[in-house]
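For reference, the chains in residue letters:
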Amino acid sequence: MKNRKLLMIPGPIEMDPAVLRAIGEVTTSHVAPNFIESFGKSLELMRNIWESPKGQPFIVAGSGTLAMDMAVSNLIEPNENALVISTGYFGERYKNILETYGANVTILQAEIGETVSLEIIEKELASKDYKLLTITHVDTSTGVLTDPKPIAEIAQKHNTLSILDGVCATAGEETLQDNWGIDVVLTGSQKAIGVPPGLALLVVSERAMHVWKERKTNVQNYYGSFHNWLPIMTAYEERRPSYFGTPPVNLIRALEVSLTLIDKEGIANRVKNHIKYANAFRKAVLALGLEIVPKKEAIAANTMTAIYYPKNIDAAQFRKDIADFGVIIAGGLHAEIKNLYFRVGHMGAITKSDIVATLSAIESALEKQNYNFKSGVSVGEFLSNSN
Ligand code: PMP
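Residues numbered from 1 in each chain as written. Predicted model: local features only at pLDDT ≥ 70, side-chain atom pairs only at ≥ 80, totals over all residues. Heavy atoms only, no water.

Asker: Break down empty space enclosed by the protein for me, citing the residues and quoting the values.
Answerer: Under the defined criterion, the tally for this structure stands at four cavities of 30 Å³ or more. What lines the largest cavity is simply Phe-39, Ile-59, Val-60, Ala-61, Tyr-223, Trp-229, Gly-245, Thr-246, Pro-247, Pro-248 and Ile-252. Take the lining of the largest cavity: its biggest share by element is three residues, from strand β2 (residues 56-61). In terms of residue class, the lining of the largest cavity is built from nine nonpolar, two polar and no charged. (1 Å grid on protein atoms, 1.4 Å probe; cavity = no way out; pocket = protein on both sides within 12 Å on 5 of 7 lines; lining within 4 Å. Points joined across faces, edges and corners; volume = space filled by probe spheres on them. Helix = DSSP H or I, 4+ residues; strand = E, 2+ residues; numbered from the N terminus. Nonpolar A, V, L, I, M, F, W, Y, C, P; charged D, E, K, R; others polar.)

Asker: Can you lay out unusual backbone geometry for me, pointing to particular residues and giving the numbers?
Answerer: Geometrically, the link from Gly-11 to Pro-12 is a cis peptide bond, its omega value of -5° lying close to zero. When you line up the elements, Pro-12 lands in the loop between β1 (6-7) and α1 (17-23). Phi is positive for Asn-159, which is not a glycine, with a value near 55°. In this fold, Asn-159 is placed in the loop between α6 (148-157) and β8 (161-165).

Asker: Explain the pairing of β2 to me, and be specific about the residues and the numbers.
Answerer: Of all six residues that make up β2, five are buried, and the element is covered over most of its length. Relative to strand β10 (residues 199-204), β2 runs antiparallel, the two being bridged by six bridges. The residue of β10 that forms the bridge with Val-60 is Ala-200. (Buried < 20%, exposed > 50% of the residue type's maximum accessible area, 1.4 Å probe, protein only. Pairing = 2+ DSSP bridges.)

Asker: Give me helix α2 (residues 33-49): which residues, what numbers.
Answerer: Its 17 residues give α2 an end-to-end C-alpha distance of 24 Å, which sits within 8% of 24 Å, the value for a rise of 1.5 Å per residue. By the burial criterion, the buried members of α2 are Phe-35, Ile-36, Ser-38, Phe-39, Gly-40, Ser-42, Leu-43, Leu-45, Met-46, Arg-47 and Ile-49. Elements that come into contact with the buried residues of α2 comprise β2, β10, α9 (226-237), α10 (249-265) and α11 (267-287). Positive phi shows up at Glu-51, right after α2, with a value of about 50°. (Expected span 1.5 Å × (residues − 1). Contact = heavy atoms within 4.5 Å.)

Asker: Any chance you could break down helix α3 (residues 64-75) for me, citing the residues and the numbers?
Answerer: The end-to-end C-alpha separation of α3 is 17 Å, in line with the 16 Å expected for 12 residues at 1.5 Å each. Every buried residue of α3 is listed here: Gly-64, Leu-66, Ala-67, Met-68, Asp-69, Met-70, Ala-71, Val-72, Ser-73, Asn-74 and Leu-75.

Asker: I'd love a proper account of the site of the ligand, names of residues and values included.
Answerer: Taken together, 14 residues are adjacent to the ligand, and Ser-63, Gly-64, Thr-65, Thr-140 and Asp-165 come closest. At 2.5 Å from an oxygen atom of the ligand is found a side-chain nitrogen or oxygen belonging to Thr-65. In this structure, an oxygen atom belonging to the ligand sits 2.8 Å away from a side-chain N or O atom of Gln-190. Notes on the ligand: free accessible area 390 Å², of which the protein chains cover 87%. Per-element accounting of the shell around the ligand gives the leading share, three residues, to α3. Split by residue class, the shell around the ligand holds five nonpolar, six polar and three charged. (Near = heavy atom within 4 Å. Polar contact = N/O pair within 3.5 Å; in protein donor to acceptor, adjacent residues only side chain to side chain. Areas by Shrake-Rupley, 256 points an atom, 1.4 Å probe, with all protein chains shown as cover.)

Asker: Got a sec to walk through the packing of aromatic side chains? Specific residues and values, please.
Answerer: Across all of its chains, the model carries 15 aromatic pairs by this definition. With a centroid separation of 5.8 Å and an interplanar angle of 75°, the aromatic rings of Phe-35 and Phe-39 are classed as edge-to-face. Pair noted here: Phe-35 and Phe-39 are both in helix α2, with a separation of four residues, about one helical turn. One exposure class covers both Phe-35 and Phe-39, and it is buried. One aromatic cluster is present, formed by Tyr-222, Tyr-223, Trp-229 and Phe-244 through successive ring pairs. (Phe/Tyr/Trp six-rings, centres within 6.5 Å; stacked < 30°, edge-to-face > 60°.)

Asker: How would you explain the environment of Glu-77 if you had to name every residue and give the values?
Answerer: Topologically, Glu-77 is positioned in the loop between α3 and β3 (81-86). Note on Glu-77: relative accessible area 8%, which makes it buried. Expressed as a C-alpha distance, the spacing of Glu-77 and Ala-300, which sit 223 residues apart in the sequence, is 34 Å. Non-local contacts of Glu-77, meaning those with residues more than four positions away in its chain, are made with Tyr-101, Lys-131, Arg-215, Lys-216 and Thr-217.

Asker: Lay out the side chain of Thr-134 in plain terms, naming residues and giving numbers.
Answerer: Residue placement: Thr-134 occurs in strand β5 (residues 132-136). Leaving out residues up to four positions away in the same chain, Thr-134 has contacts with Val-72, Leu-83, Val-84, Ile-85, Tyr-94, Leu-98 and Ile-163.

Asker: Mind laying out the nonpolar core, listing which residues take part and the relevant values?
Answerer: In this structure, Phe-58, Ile-59, Tyr-94, Leu-98, Leu-132, Ile-163 and Leu-186 are the most contacted members of the largest nonpolar core, which totals 99 residues. The dominant element in this core, judged by the number of residues it contributes, is α10, at eight residues. Counting residues domain by domain, this core receives three or more from each of domain 1 (6-12 + 267-385) and domain 2 (17-265). Discounting residues that sit within four places of it in the chain, Leu-98 has contacts with Val-72, Ile-76, Ala-82, Val-84, Ala-103, Val-105, Leu-132 and Thr-134. Counting 31 residues, the second-largest nonpolar core is a separate cluster that includes Leu-6, Tyr-277, Ala-284 and Phe-342. (Core = buried A, V, L, I, M, F, W, Y, C linked by side-chain atoms within 4.5 Å. Domains from an automatic or database assignment.)

Asker: Quick rundown of the domain arrangement of the protein chain? Include the residues and the values.
Answerer: Taken domain by domain, the protein chain comprises domain 1 (6-12 + 267-385) and domain 2 (17-265). Opposite the 30 residues of domain 1 that make contact, domain 2 presents 31 residues. Taken over both partners, the interface formed by domain 1 and domain 2 buries close to 2500 Å², and the fraction arising from carbon and sulfur atoms is 59%. Three residues stand out in domain 1 for area buried against domain 2, namely Ile-267, Arg-270 and Ile-299, and they jointly supply 25% of the buried area on that side. Our enumeration of links across domain 1 and domain 2 arrives at two salt bridges. One can count 14 residue pairs in polar contact (both at pLDDT 80 or more) joining domain 1 with domain 2. The set of elements that each furnish at least two residues to the side of domain 1 that touches domain 2 consists of α11, β11 (304-308) and β13 (341-345). The greatest single-element share of the side of domain 1 that touches domain 2, amounting to six residues, is contributed by α11. (Buried area = accessible area lost by both parts, 1.4 Å probe. Salt bridge = Lys/Arg side-chain N within 4 Å of Asp/Glu carboxyl O.)

Take a look at the structure:
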């Protein structure tokens, strides 16, 4: 019997076998010609997948939080104003990071399951000079999707830089960085990018690179400073050897493989598939009589779903039964509703059969607790909506 479970959490995720094989390849020198090619190619592919031909990509060893940290530590200066548009746990994290670098932070906090309205954002940006704002594309604690396009538009009008935390979104949710005028789109390797955890990935606009170059104060971050990493990215893209900190050779080779797969499929097709599966998955969950955390379908993420447990259910037992079935899902993350809901990731190289197995596991766990529903209804609903 296969001794592995299906990993259906909102990152890390199930990976394409070709990516796993790449991780297991012999580790070469970080200045070996084959690795220089992998690194350079990965940077070029990021531009395609971020839809940012003009942007400056960065690949740095670290988690998604490092990407968040690099974006703001390079752009904000002490006592400048920053606006955080928060739809959950990761908005709060951005506030903490910004305060670490001496920013004056205002946080616009959406109610659980809601987004912040454009009127409120516009009003706040008009009230004072904001150097930058942050948006969480999909907040992994609520499964709420924010549309970055109109926010980026308002930001440009007010001469404010926009930073998109795409950790649970990039390569799964539509992101046209250059077209929408977003200054930084960042993510971690372990989500829709489809690589194990360990890489911070960012693409920075020309405008933001210019703002960074014109800083009056030094960047208060050594490891994450663009001063250290920009020459490295330039060198690899020009296929020259270079060194600042040893890059995670195997992870970057895996990144090249995964980005190539996404690029071959076409980022627009990849996003379309995420939307199709997410819609079908939500229909399946609703057919079970369950409720999702986002208050409207239009703001429900396509990379993951946050679902309330039915009333009178033993949540720990429910999750354990799902795990015993062979599927790993995630519990709650948002402090206020932590024990009331669970989360399922459906991004990256996900297949129909992965989702069918997950729904079967959920049904089986519900049956064990005598929850009243028609057996098989969720699988049927998913299958009839996922073609
Ligand atoms: N932002 C979002 C939206 C996330 O989902 C996560 C991780 N769950 C992070 C930031 C932080 O990423 P990491 O855990 O890789 O540091």
